[in-house]
Amino acid sequence: MGKSRYKVQFGGLPVGLHEYEFEVNQTFFNNTEEAEIERAKLDVKVLLTKQNNLLQASIDIEGTVGIACDRCLKEFDFPIDAHESLVIKHGNPEESNDEILVIPEGHEEFDLSHYLYEYIVLAMPARRVPCEIDKTKYECDQDVLSKLNEHATDTSEPASEPNTPMWEQLKKIKFN
């Protein structure tokens, strides 16, 4: 993601609680190749608890992201309200997983951008049809839906294939 604004410096901090605030906007998602998010306005608050051998981060993400409806492709703002936690410790970085970020010995900062992206994407529903969430607030684009219905595949009986002598011979072999 290039140079990140979402780095947390913890070297030299005393043991105890420390607060960080970040703003996540469209620029954040422009740097990711697979982002489905059209626009974003999110506030991120990180409460970092520094202990002698590890750090615990409590991450709160609130705001909205602009995504397209899965049914009619109309864009809408989806509210995000996510609360996650992350443990940061020194050691072998290959031991990192979803809940634990392991950074090499001697490093005094870590980059939250990858975790923020994952937390935001996981806070969105798998099926994004806003009119099913709230019919009074969201309405599907009826023009797009009517065009989809026009081009829907015909579910009637498929046309029968003409009898070809080659296929008839193969059918005889198959059933014998």
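Residues numbered from 1 in each chain as written. Predicted model: local features only at pLDDT ≥ 70, side-chain atom pairs only at ≥ 80, totals over all residues. Heavy atoms only, no water.

### Structural notes on the packing of aromatic side chains
In step 1: Under the counting rule described, the total for this entry stands at six aromatic pairs.
In step 2: Their ring planes at 85 degrees and their centres at 5.1 Å tell us that F28 and F29 sit as a pair that is edge-to-face.
In step 3: Connected via pairs of aromatic rings, a cluster forms that spans Y6, F22, F28, F29 and Y117. (Phe/Tyr/Trp six-rings, centres within 6.5 Å; stacked < 30°, edge-to-face > 60°.)

### A short note on the side chain of H18
In step 1: Structurally, H18 is set in strand β2 (residues 16-25).
In step 2: Overall, H18 belongs to the buried group, its relative accessible area being 14%.
In step 3: Separated by 2.8 Å, the side chain of H18 and the backbone oxygen of P14 make a polar contact.
In step 4: Setting aside chain neighbours within four positions, we find H18 in contact with L13, V46, L47, L48 and K50. (Helix = DSSP H or I, 4+ residues; strand = E, 2+ residues; numbered from the N terminus. Buried < 20%, exposed > 50% of the residue type's maximum accessible area, 1.4 Å probe, protein only. Polar contact = N/O pair within 3.5 Å; in protein donor to acceptor, adjacent residues only side chain to side chain. Contact = heavy atoms within 4.5 Å.)

### Brief notes about the environment of H90
In step 1: Inspection of the secondary structure puts H90 in strand β5 (residues 75-90).
In step 2: In sequence terms H90 and P104 are 14 residues apart; their C-alpha atoms lie 5.5 Å from each other.
In step 3: In contact with H90, other than residues within four places in its own chain, are F10, V102, I103, P104, E105, G106 and H107.
In step 4: Within the structure, H90 has its side chain in polar contact with the backbone oxygen of H107 (distance 2.9 Å).

### A word on the pairing of β5
In step 1: Pairing of strand β4 (residues 54-68) with β5 involves 15 bridges; the strand directions are antiparallel. If you follow Q56 over to β5, its bridge partner there is V87.
In step 2: Two successive antiparallel strands, β4 and β5, enclose a turn made up of six residues, where L73 displays a positive phi of approximately 70 degrees.
In step 3: Across four bridges, the pairing between β5 and strand β6 (residues 100-103) is parallel. By the bridge assignment for β6, V87 is matched with I100. (Pairing = 2+ DSSP bridges.)

### Points about the nonpolar core
Across soluble globular proteins, nonpolar side chains show a tendency to be buried alongside one another.
In step 1: In this structure, I59, I61, V65, F110 and L112 are the most contacted members of the largest nonpolar core, which totals 41 residues.
In step 2: Of all the secondary structure elements, the ones that give two or more residues to this core are β2, α1 (26-30), β3 (39-50), β4, β5, β6 and α2 (113-123).
In step 3: Discounting chain neighbours no more than four positions away, the residues touching I59 are V44, K45, V46, A82, H83, E84, L86, L112, L116 and Y119. (Core = buried A, V, L, I, M, F, W, Y, C linked by side-chain atoms within 4.5 Å.)

### Regarding a nonpolar patch on the surface
In step 1: A cluster of nonpolar side chains, namely M166, W167, L170 and I173, defines an oily patch on the protein surface of about 450 Å² accessible area.
In step 2: One can find I173 in helix α5 (residues 165-175).
In step 3: By relative accessible area, I173 is classed as exposed at 61%. (Patch = residues over 30% accessible without salt bridge, like charges linked within 9 Å, V, L, I, M, F, W, Y side chains within 5 Å. Areas by Shrake-Rupley, 256 points an atom, 1.4 Å probe, with all protein chains shown as cover. Salt bridge = Lys/Arg side-chain N within 4 Å of Asp/Glu carboxyl O.)

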